[in-house]
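# An overview of the molecular structure
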Protein chains: 2
Amino acid sequence: MEAAKSLKANGQRIVVAVDESEESMFALQWCLSNLTSPDTKNTLILLYVKPSPAISISSFDAPGYVFSSDVISAMEKQGKDLVSAVMKRAEAVYAKFNTNVDLERVVGRGDAKNVICRTVEKLGADTLVMGCHGYGFFQRALLGSVSDYCAKYAKCPVVIVK
Amino acid sequence: MEAAKSLKANGQRIVVAVDESEESMFALQWCLSNLTSPDTKNTLILLYVKPSPAISISSFDAPGYVFSSDVISAMEKQGKDLVSAVMKRAEAVYAKFNTNVDLERVVGRGDAKNVICRTVEKLGADTLVMGCHGYGFFQRALLGSVSDYCAKYAKCPVVIVK
């Protein structure tokens, strides 16, 4: 039996999937409380996934209705503001913990469940931590529970925080 | 936002669902490596769920085929041996870690996914840790992935270890 890696050892990478939900901030808190400690040199990676324009537009799609480029660029801007707001909120949660864990930010784009699983693999993450419900406003409406999918398919231990 | 509980605080209860699979022993290792430390007074609860006789028999059910009471009592005995073997194996994993975490053993009976979720709730567990694949020989054949269900419905943070 291969030995389970200890995240208390140095140099472990923990990905926390964050979005605008209360659940994802709670997941981040859980992670900071339980998977890191002041004497470790782990890296905490905040991962936010923006929906691709095609996905966000199609959720409003209706016969005979076409989005003007103004509407699309307004949605793009709103998307950027959202990333910034979510990251700032996550950093505020992080700042409350007395930890010397390094913080990195990664923003992905596309189908949240696939982007999260691919990113975790690409980064060689040791653990993925995420909230239980939905992932982002648009995706929530479209895709059902992203955490279900990631718990099953991500290639590392996954923590689902309720 | 309610604060996330730290398992590093004293008196937390962590349930690890164990079965005869390699994955569940790996999950136990992960738990001992990452959620407990020598200076905590947490309780680690090993939970094994035996299939109910009805379930294990129906998996072999075929028209015109009836189990004799001998076969049933042989299966009962095999079930007891299995519990004992799994618990011994789990204790051997636990013994390798230098931890003063208390160890408890709970054996349930019935449909693994429901028994696990109910037990976690009844024990007021702070975290559930489990492997990714199946749960027990009989249940694996019948029920598909128990971890999928628990990740969704258990009333505490769930760690799925791959």
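Residues numbered from 1 in each chain as written. Chains lettered and ligands numbered in written order. Predicted model: local features only at pLDDT ≥ 70, side-chain atom pairs only at ≥ 80, totals over all residues. Heavy atoms only, no water.

Where an unreviewed UniProt entry is consulted, chain A appears under the name Universal stress protein A-like protein, with the organism given as Cucurbita maxima.

## Overview of the overall build of chain A
Within chain A one finds six helices and five strands. If you list the helices and strands of chain A from N to C, you get β-α-β-α-α-β-α-β-α-α-β. When each of the 162 residues of chain A is scored for burial, the buried share is 52%. Sequence-distant contacts, at least 24 apart, represent 79% of the contacts inside chain A between residues at least 6 apart. (Helix = DSSP H or I, 4+ residues; strand = E, 2+ residues; numbered from the N terminus. Buried < 20%, exposed > 50% of the residue type's maximum accessible area, 1.4 Å probe, protein only. Contact = heavy atoms within 4.5 Å.)

## Let's talk about the packing of aromatic side chains
Residues and elements named next belong to chain A. In total, this model carries two aromatic pairs over all chains according to the counting rule given. Both rings, one in Y149 and one in Y153, keep their centres 4.7 Å apart while their planes meet at 45°; by these two values the pair is tilted. A residue pair is termed a helical-turn pair when its members lie 3 or 4 positions apart in one helix, as Y149 and Y153 do in helix 6 (residues 146–153) at four residues. On the accessibility criterion, Y149 (26% relative accessible area) is partly exposed. With relative accessibility at 45%, the residue Y153 sits in the partly exposed group. (Phe/Tyr/Trp six-rings, centres within 6.5 Å; stacked < 30°, edge-to-face > 60°.)

## Structural notes on the packing of helix 1 (residues 22–34) of chain B against helix 3 (residues 69–95) of chain B
Residue and element names in this part refer to chain B. Two numbers describe how helix 1 lies on helix 3: the axes approach to 10 Å, and their chain directions differ by 30°. In terms of crossing hand, the pair formed by helix 1 and helix 3 is right-handed. On helix 3, the residues that touch E22, M25, L28, Q29 and L32 of helix 1 are V86, R89, A90, V93 and Y94. Residue classes in the contact of helix 1 with helix 3 are distributed as seven nonpolar, one polar and two charged. (Axes fitted to C-alpha atoms, helices over the stretch in contact; angles between N-to-C directions. Left-handed = near helix turned anticlockwise from the far one by under 90°. Nonpolar A, V, L, I, M, F, W, Y, C, P; charged D, E, K, R; others polar.)

## A short note on helix 1 (residues 22–34) of chain A
Every α-helix winds through 3.6 residues per turn, so residues three or four apart in the chain are directed the same way. All names here are of chain A. In this model, helix 1 (13 residues) spans 18 Å end to end at C-alpha, consistent with the 18 Å of a helix rising 1.5 Å per residue. With 11 of its 13 residues buried, helix 1 lies for the most part within the structure. Taken as a whole, helix 1 has its buried residues at S24, M25, F26, A27, L28, Q29, W30, C31, L32, S33 and N34. (Expected span 1.5 Å × (residues − 1).)

## With respect to the pattern of salt bridges
Oppositely charged side chains can pair when the atoms bearing their charge come close. Residue and element names in this part refer to chain A. Here the structure, examined in full by the defined rule, presents 14 salt bridges over all chains. With a shortest N-O distance of 3.6 Å, R109 and E76 are connected by a salt bridge. Here R109, found in strand 3 (residues 102–109), pairs with E76, found in helix 3 (residues 69–95); they are 33 residues apart in sequence, far enough to count as distant. Residue R109 is classed as partly exposed on the basis of its relative accessible area, which comes to 37%. (Salt bridge = Lys/Arg side-chain N within 4 Å of Asp/Glu carboxyl O.)

## Some details on the pairing of strand 2 (residues 43–50) of chain B
Residues and elements named next belong to chain B. Counting buried positions over the eight residues of strand 2 gives eight, a clear majority of the element. Of the two faces of strand 2, the one lined by T43, I45, L47 and V49 and the one lined by L44, L46, Y48 and K50 are each fully buried. Strand direction decides the pairing type here: strand 1 (residues 13–17) and strand 2, joined by five bridges, are parallel. Bridged to I14 within strand 2 is L44. In this structure, strand 2 lies alongside strand 3 (residues 102–109), joined through eight bridges in parallel fashion. The residue bridging L46 from the neighbouring strand is R105, located in strand 3. (Pairing = 2+ DSSP bridges.)

## Things to note about the confidence of the model for chain A
Residues and elements named next belong to chain A. Across chain A, the average pLDDT comes to 82, with 76% of residues at 70 or higher. Averaged pLDDT values over the elements of chain A bottom out at 48 in helix 5 (residues 137–143) and peak at 96 in strand 1 (residues 13–17). Scored below 50 in pLDDT, residues 140–144 shows 10 contacts in the model against residues more than four places distant or in partner chains. (pLDDT = per-residue confidence, 0-100.)

## A short note on the sheet that holds strand 2 (residues 43–50) of chain A
Here 10 strands make up an open sheet; going across it, the order is 3(A)-2(A)-1(A)-4(A)-5(A)-5(B)-4(B)-1(B)-2(B)-3(B) and the pairing mixed. Looking at which strands have only one partner, the edges of the open sheet turn out to be strand 3 of chain A together with strand 3 of chain B. Within the sheet, the average angular offset between the axes of one strand and its neighbour, ignoring direction, is 20°. Packed on one face of the sheet, helix 4 (residues 112–122) of chain B meets strand 1, strand 2, strand 3 and strand 4 (127–131) of chain B and runs near 150° to strand 2 of chain B. The sheet strands contacting helix 6 (residues 146–153) of chain B are strand 5 (158–161) of chain A together with strand 4 and strand 5 (158–161) of chain B, and the helix crosses strand 4 of chain B at an angle near 165°.

## So, the environment of A125 of chain B
Residue and element names in this part refer to chain B. One can find A125 in the loop between helix 4 and strand 4. Under the relative-accessibility criterion, A125 is labelled buried at 11%. C-alpha of A125 to C-alpha of L44: the two residues are 81 residues apart in sequence and 9.7 Å apart in space. Beyond its immediate sequence surroundings of up to four residues, A125 is in contact with R13, V15, V120 and C156.

## Some points on helix 6 of chain A
Burial in helix 6 of chain A covers these residues: V146, S147, C150 and A151 of chain A. For helix 6 of chain A, the angular spread of the buried residues around the axis is 130°, confining them to a single face. (Arc of directions from axis to C-beta.)

## Some thoughts on the state of the cysteines
Residue and element names in this part refer to chain A. If you walk through the whole model with that rule in mind, you get zero disulfides over all chains. With no disulfide partner, C117 has as its closest neighbouring cysteine sulfur the one in C150, 3.9 Å distant. On the basis of relative accessibility, which here comes to 10%, the residue C117 falls in the buried class. (Disulfide = S-S within 2.5 Å.)

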